[in-house]
Amino acid sequence: MSAEQTSTLPQYPEKATLEGRNKFLGLWFFLGGETALFATLFGTYLGLRNSTAGGPTAQELFSLPLVFIMTVILLVSSLTSVLAVMAMRRKDMKGIIRWFIVTVILGLSFLGLEIYEFYEYTHAGLRWSESAFASAFYTLLGTHGAHVAFGCGWITALIVRNFRRPLDTYNAPKFYLASLYWHFIDVVWVFIFSLVYLLGVI
Amino acid sequence: MLLAGCGEENLSALRPKGTASKISFDMMMLSIYIMLGVFFVVAVIFTYVILKYRKRRGDEDIIPEQVEGNTTLEVIWTAIPILLLLILAIPTVLATFTLAAEEPQEGDDTLKIQVTAYQYWWDFNYPDLEFNTAQDLYIPVGEKIYVELTSKDVIHSFWVPALAGKMDTNPGLTNAMWIEAKEPGVYKGKCAELCGPSHALMDFRVIALEKDEFDAWVNHMKTAESAPQTEAAQAGEEIFTESCISCHAVGSEGGNIGPDLTVFGDRETLAGFLEMTDENIADWIKDPQALKPANHMPAFKDQLNDDEINALVAYLKELKAN
Amino acid sequence: MATHTEQVSLNRKQRSGIWDWITTVDHKKVGILYFLAGFFFFLLAGLEAVIIRVQLIYPELNIVSAQTFNELITMHGTTMIFLAAMPIFLGLMNCIVPLQIGARDVAFPFMNALGLWLFIFGGLLLNLSWFLGGAPDAGWTAYAPLSTDYSGTSGMDFYVLGLQIAGFGTLMGGINFLVTIINMRAPGMSFMRMPMFSWATFVTSALILFAFPPLTIGFFLLMFDRFFGSNFFVADAGGNVIIWEHIFWIFGHPEVYILILPAFGILSEVIPTFSRKRLFGYSAMVFATALIAFLGFMVWAHHMFTTGLGPVANSIFAVATMTIAIPTGVKIFNWLFTMWGGQIRFPTANLWAVAFIPSFLIGGMTGVMLSVAPADYHYHDTYFVVAHFHYVIVGGSVFGIFAGMYFWWPRIFGKMLNETLGKWHFWTFFVGFHLTFFPQHFLGLMGMPRRVFTFLEGQQLELGNFISSIGSFLMTIGSIILIINIIMTQAKKEVAEYDPWDGRTLDWAIPIPTPVYNFAQLPLVKGLDPLWVEKMNGNNKMTPAEPLDDIHMPNSSILPFVMSLCFFIASFGFIYDVLIVAILGIAGFFFCMLLRSLIDDHGYYIKKEELAPVVDEGGKA
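Since this is a predicted model, take the numbers as computed values, not measurements.

Asks: Any chance you could explain the overall build of chain C here in plain terms?
Replies: Counting its regular elements, chain C contains 20 helices and two strands. The principal-axis extent of the C-alpha atoms belonging to chain C is close to 75 × 65 × 50 Å. Taken over 621 residues, chain C has a buried fraction of 69%. For chain C, the proportion of contacts with a sequence separation of at least 24, taken over those separated by at least 6, is 82%. For chain C, the accessible area works out to roughly 18,700 Å², and carbon and sulfur atoms hold 70% of it.

What follows is the structure, encoded as structure tokens:
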């Protein structure tokens, strides 16, 4: 396809085809299901957060500065994925790729910090099978982390596949959906930040 | 009315012998009457429609009127059920609160019993009286008794249909309920939550005694001590001390892995469901798994010979409160 | 986009035989596979039920051991719910819903096939446990810690992983239907013109969407406790066994409605068709369906009245549960008044639909009785509950499935099921059903807990159990007659005629057998019961809403099968603690996902020249 064809793309290329609209709606429903999934994990965590069985407690462990940095990184990555979608509005494939690369890098740094955090906690005595609190904490955070990792993989695959291809109505929905998913992970983290960390230290 | 009197005298929830089960029974009957009324209305309409509006020969050319609906009817069959449910809901809430157990206050002389469920037997502890029984729960008639329930392994459920509804025993948590027997008798109790292969055999008995008989029983329990009379029983005691005591307690001595055997000789049943005969006791000791699958007692058929087992049986049968 | 036409091959590859079936993304074939696999599991779980009833025909029998009995009840319940009833409904939905709403396909044909194969491999995994050290034995509810630390076999591993995999599949099916129904309705097919079965599918899919993720988490927690030493349900380490009960029933109660709402939908198609009248109170029916689903999420703790949640929680959940009776009652009365004034025919399909009403009504009534918490303290975990939910699931869901089967068989398989055998099937199964389950109400109240491998003599439980077992034999005979009917029907050559039942909805406005593209031209929908509307206007077919044009179709793919196989293999890695196999399996799954993402798949086109002859022939499309 030529550049001319790119310029004839509609304003919202991600929703120009039925396939695109289906995927868009499907992902929203999927995120609805994911909400129920995380709600269950949060419920379990809240039910068990004081069940430390003599092991380390949340108050003893959590270090807010680190978590604050992680939060900022993830929130900024959400912003960069918005910038990518804004590039899509300008039909600027290079911009999309560029901003998504930044997003992935931020996502990976978040993951790195999370692994570091888990490592520290484990050495502070909060092993996975230490207490019900430990199991619930690692499961909730781990599930979120797995989502971040999956998101990084997904976006990377999109970047690699479309690196030299123009924007069209076939790949626009794919990018758009990835950014939507990425926002969702971010929102979940906001809840983790408040319900796990803030509630844990007070 | 048809329902009342169904089932075995001391087992059926339809023949309530306790205050709590009477409350439940009344709620059952109220809901059954309402529901039978509903069923009658639907059945009449159903039968009428099926008979009246069957397709008949010659109907082919007549197309039935395509009725869209009828708001008045919809309102009626929404409103009437709401009313019926209100009639049901209010007593439901009241009875739910009546049946809830409140912990007795300090100095209150309510009898308190701690029920602990194990795969597949029941331990009954009387904390204020400071003794234990297993499998047979003794209670006085005409008194509300406060029962605390927990479990040492999986979830079980404590159910004496004739006396009260059931309550789960959850490991790591404690539940509470109350029971009150209105007349003396031996009531059958069951485990009502799947707890493993022998779930079906995890029966127990509740023995409701008149107040003075109960007090006498308590006195005997407090003074109960094992003093075997016959020679065989004395031999049995020795074997017991050697082979059994690490799991089973008699009096203040012994382990708590298996049921307390202090008053084994008084038991209504063996293992909750077998007839208390010498033969059954001996068979049980030889191979408990054959009788109650997956229970935690090892078989003694290879450790003990027949004479030793007979001595043990003689000893066990002498373990009585009086 | 027209440009894509050139990128894709114009001639679709003709595949045949098994390869065609395992790579298909055609919703009709996916539906048939769902249906057949579900029916197989239905027979298997039925066989397990008969063994249960044989064991309980007399007191103190030892035909199967206590351990085996617990495995049988667990597998019977689990298989019937997850692997029989739900897949059969999903099969019917797949075959019928796109036709009913006037769509050529579903929204996600690839994901639809993936859902199917995940279900099949999950079901296979679960059932392999019989041969690999024993089936799960903690009941279909799998209460911890009986399902974690105290399980007698490795069966619970198969349970956790098999159902997890099957559950992913179901979730995909749910999302697929939600999007299909919202985005792909034919011109003029507004929501309030949509057939009730499609509505039921829509609402059921929403239930699946919100009910299955909690179960996914629940299974993960069980799995972590079993495999990786976590402490969610270990009381000594601070775990709480009640959390599993909550999670399970937050899923489990909506699940009940996932099983019954499609049956309601089928009834709302079958009864109007055979009464020759439109559905009475259509909008009330739609509203009632949505309300039942909504309330279905608010009442889970009525399964836990005896757990010890306290009188406040018990009262709230008791009253909330009662409210469900109201929309359900609305449905019953609307069906009755649909028949009122009609010309009711009684082919087997309608026999099942009509028999549904009183049978399900009894189940509903005992449901209200169960909601009365102080009385439930007795009902709970007894044969009264067993009787109740079999009245709902057999008298409701299964009768609904049978009604749908006899009704849509010509649509799905192109042939008419034999009516004589159908009636034999109906009467034996119907009588057997009531004989089996009616006495169980009394058994429960007379003190018989559920899930007991035997009962003792002399408790006056003998008669009820004997009648119950005899009834189950009669149901078995009915099922055998059904199998014979199916085999005989598929063996004969005679193809069903167009619109055999004087249908009302779009699914009957298509030639038999259904062409792969469903509609050569999308139909214009002019009202509720669009085909009936056209018939009343003197047409026997739909008015097209578009000119004849090329039809875009999805390519078939082997990936869904391979992806499900990967999970299947990974599961064995977990169960036998060979971590490398588990990792390879999961990596294989993600690799397939990557392939799917990297390889462009634009589908293919059926050229209008190929379609023209079909339309000219006066085909009813």
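From this point, the narrative continues.
Asks: When you look at the interface of chain A and chain C in this model, what are you seeing that I'm missing?
Replies: Much of the literature gives interface size as the accessible area that the parts lose upon coming together. The interface is formed by 36 residues belonging to chain A together with 41 residues belonging to chain C. Across the chain A/chain C interface, buried area totals approximately 3,100 Å², and carbon plus sulfur atoms make up 71% of it. Considering only the surface of chain A that becomes buried against chain C, A:Asn22, A:Phe29 and A:Tyr170 emerge as the three largest contributors, covering 18% of it. Notably, a salt bridge pairs A:Arg165 with C:Asp600, separated by 2.7 Å at the nearest N-O pair. Where chain A packs against chain C, one counts eleven residue pairs in polar contact (both at pLDDT 80 or more). Those elements that provide at least two residues to the side of chain A that touches chain C are α2 (18–48) and α6 (132–162) of chain A. It is α2(A) that provides the largest number of residues to the side of chain A that touches chain C, a total of 17 residues. Looking at side-chain class alone, the side of chain A that touches chain C contains 16 nonpolar, 13 polar and seven charged residues.

Asks: Would you explain the packing of aromatic side chains in this entry?
Replies: The geometry of an aromatic ring pair comes down to the distance between the two centres and the angle between the two planes. By the definition in use, this model includes 105 aromatic pairs over all chains. Both rings, one in B:Tyr126 and one in B:Phe131, keep their centres 5.0 Å apart while their planes meet at 35°; by these two values the pair is tilted. You can call B:Tyr126 buried: its relative accessible area is 0%. The ring of A:Tyr12 carries A:Lys15 above its face, with NZ or CZ at 5.8 Å from the centroid. The lysine or arginine in question, C:Arg596, covers the ring of C:Phe110, its NZ or CZ lying 3.9 Å from the ring centre.

Asks: Would you mind going over the interface of chain B and chain C with me for this structure?
Replies: Each side of the interface is counted separately: chain B has 84 residues, and chain C has 90 residues. Summed over both sides, the interface of chain B with chain C buries roughly 7,500 Å², with 73% coming from carbon and sulfur. When residues of chain B are sorted by the area they lose upon contact with chain C, B:Tyr53, B:Trp77 and B:Leu194 head the list and together hold 9% of the total. Joining chain B to chain C, the criterion identifies zero salt bridges. Inspection of the region where chain B meets chain C yields 22 residue pairs in polar contact (both at pLDDT 80 or more). Among the elements that take part in the side of chain B that touches chain C, helix α2 (residues 71–99) of chain B stands out by supplying 15 residues, more than any other.

Asks: What's the story with the arrangement of the chains in this structure? I'm lost.
Replies: No other pair among the two pairs of chains in contact exceeds the contact count of chains B and C. With respect to C-alpha atoms, chain A approaches chain B no nearer than 12 Å, and the pair has no contact.

Asks: Teacher, can you tell me more about the sheet that holds strand β9 (residues 185–191) of chain B here?
Replies: Strand pairs in the sheet, formed through backbone hydrogen bonds, run parallel or antiparallel to each other. Residues and elements named next belong to chain B. If you walk across this open sheet you meet the five strands as β4-β10-β9-β6-β7, and the pairing is mixed. Only two strands of the sheet have a single partner each, and these edge strands are β4 (136–140) and β7 (164–169). Direction aside, the axes of adjacent strands within the sheet are offset by 25° on average. The pairing of β9 with strand β10 (residues 204–209) spans five bridges and is classified as antiparallel. If you follow glycine 189 over to β10, its bridge partner there is phenylalanine 204.

Asks: When you look at the environment of C:Ile344 in this model, what are you seeing that I'm missing?
Replies: Within the element layout of this structure, C:Ile344 appears in the loop between α11 (325–339) and α12 (348–371). Residue contacts for C:Ile344: discarding those within four places in its chain leaves B:Val49, B:Tyr53, B:Arg54, B:Lys55, C:Phe274, C:Ser275, C:Met339 and C:Asn350.

Asks: Is there a simple way to think about the pairing of strand β5 (residues 145–151) of chain B in this case?
Replies: Two faces make up the sheet, and in a regular strand the side chains alternate between them. All names here are of chain B. Buried residues dominate β5, accounting for seven of its seven residues. The two faces of β5 match: Ile145, Val147, Leu149 and Ser151 on one face and Tyr146, Glu148 and Thr150 on the other face are all buried. When strand β1 (residues 112–118) meets β5, the two strands line up parallel, connected through six bridges. Across the sheet, the residue bridging to glutamine 114 is glutamate 148, located in β5. Examined bridge by bridge, β5 and strand β8 (residues 175–179) share five bridges and lie antiparallel to one another. The residue bridging glutamate 148 from the neighbouring strand is alanine 176, located in β8.

Asks: It is not clear to me how the confidence of the model for chain C should be interpreted in this structure. Could you clarify?
Replies: The predicted coordinates of low-pLDDT regions are not to be read in fine detail. All names here are of chain C. Looking at chain C as a whole, the pLDDT averages 93, with 96% of positions reaching at least 70. The low-confidence segment residues 1–12, where pLDDT is below 50, has 18 contacts with residues more than four positions distant or belonging to other chains. Our summary of model confidence lists the complex with pTM equal to 0.95 and ipTM equal to 0.95.

Asks: Even after reading the chapter, I still don't get the pattern of salt bridges, so can you show me in this structure?
Replies: A side chain of one charge can pair with a side chain of the opposite charge if their charged atoms are brought near each other. One pass over the structure, following the stated rule, counts 29 salt bridges over all chains. With a closest N to O distance of 3.7 Å, A:Arg90 and A:Asp92 form a salt bridge. Note that B:Lys112 and B:Glu148 form a salt bridge whose closest N and O atoms lie 3.9 Å from each other. Here the residue B:Lys112 occupies a position in strand β1, and B:Glu148 occupies one in strand β5, the gap between them amounting to 36 residues. Taking relative accessible area as the criterion, B:Glu148 reaches 14% and is therefore assigned buried.

Asks: Whenever I open this one, the side chain of C:Thr204 confuses me. Can you help?
Replies: Residue and element names in this part refer to chain C. By secondary structure assignment, the location of threonine 204 is in helix α7 (residues 196–227). Within polar-contact distance, the side chain of threonine 204 engages the backbone oxygen of alanine 200 at 2.5 Å. Apart from residues lying up to four places away in sequence, threonine 204 is in contact with Met93, Ile258, Leu261 and Pro262.

Asks: Explanation requested: the packing of helix α6 (residues 155–183) of chain C against helix α18 (residues 559–575) of chain C in the structure shown.
Replies: Residue and element names in this part refer to chain C. With their axes 10 Å apart at the nearest point, α6 and α18 run at an angle of 155° to one another. What the angle tells us is that α6 and α18 run roughly antiparallel. Considering only the axes of α6 and α18, their crossing is right-handed. Where α6 abuts α18, its residues Asp157, Phe158, Leu161, Ile165 and Phe168 lie against Phe567, Phe568, Ser571, Phe572, Phe574 and Ile575. When its residues are assigned to classes, the contact of α6 with α18 shows nine nonpolar, one polar and one charged.

Asks: In this structure, what is going on with the packing of helix α1 (residues 19–52) of chain B against α2(B)? I would like to understand it.
Replies: Helix-helix packing is characterised by the crossing angle of the two axes and by the distance between the axes. All names here are of chain B. Taken N-terminus to C-terminus, the directions of α1 and α2 make an angle of 170°; their axes are 11 Å apart at the nearest point. Between α1 and α2, the angle is such that the two are roughly antiparallel. Taken together, the residues of α2 that come into contact with α1 (itself represented by Ala20, Ile23, Ser24, Met27, Leu30, Ser31, Ile34 and Val38) are Leu84, Ile87, Leu88, Pro91, Thr92, Ala95, Thr98 and Leu99. Residues belonging to the contact of α1 with α2 are distributed by class as follows: twelve nonpolar, four polar and no charged.

Asks: What is the right way to look at the environment of C:Pro515 in this model?
Replies: Residues and elements named next belong to chain C. With respect to the helices and strands, proline 515 occurs in the loop between α16 (462–491) and α17 (530–536). For the pair proline 515 and valine 578, spaced 63 residues apart in sequence, the C-alpha to C-alpha distance is 47 Å. Residues contacting proline 515, with those up to four places away along its chain left out, are Lys28 and Ile510.

Parameters and conventions
- Residues numbered from 1 in each chain as written.
- Chains lettered and ligands numbered in written order.
- Predicted model: local features only at pLDDT ≥ 70, side-chain atom pairs only at ≥ 80, totals over all residues.
- Heavy atoms only, no water.
- Helix = DSSP H or I, 4+ residues; strand = E, 2+ residues; numbered from the N terminus.
- Buried < 20%, exposed > 50% of the residue type's maximum accessible area, 1.4 Å probe, protein only.
- Contact = heavy atoms within 4.5 Å.
- Areas by Shrake-Rupley, 256 points an atom, 1.4 Å probe, with all protein chains shown as cover.
- Buried area = accessible area lost by both parts, 1.4 Å probe.
- Salt bridge = Lys/Arg side-chain N within 4 Å of Asp/Glu carboxyl O.
- Polar contact = N/O pair within 3.5 Å; in protein donor to acceptor, adjacent residues only side chain to side chain.
- Nonpolar A, V, L, I, M, F, W, Y, C, P; charged D, E, K, R; others polar.
- Phe/Tyr/Trp six-rings, centres within 6.5 Å; stacked < 30°, edge-to-face > 60°.
- Lys NZ or Arg CZ within 6 Å of the ring centre and 35° of its normal.
- Pairing = 2+ DSSP bridges.
- Axes fitted to C-alpha atoms, helices over the stretch in contact; angles between N-to-C directions.
- pLDDT = per-residue confidence, 0-100.
- Parallel < 35°, antiparallel > 145°, perpendicular 65-115°, else oblique.
- Left-handed = near helix turned anticlockwise from the far one by under 90°.

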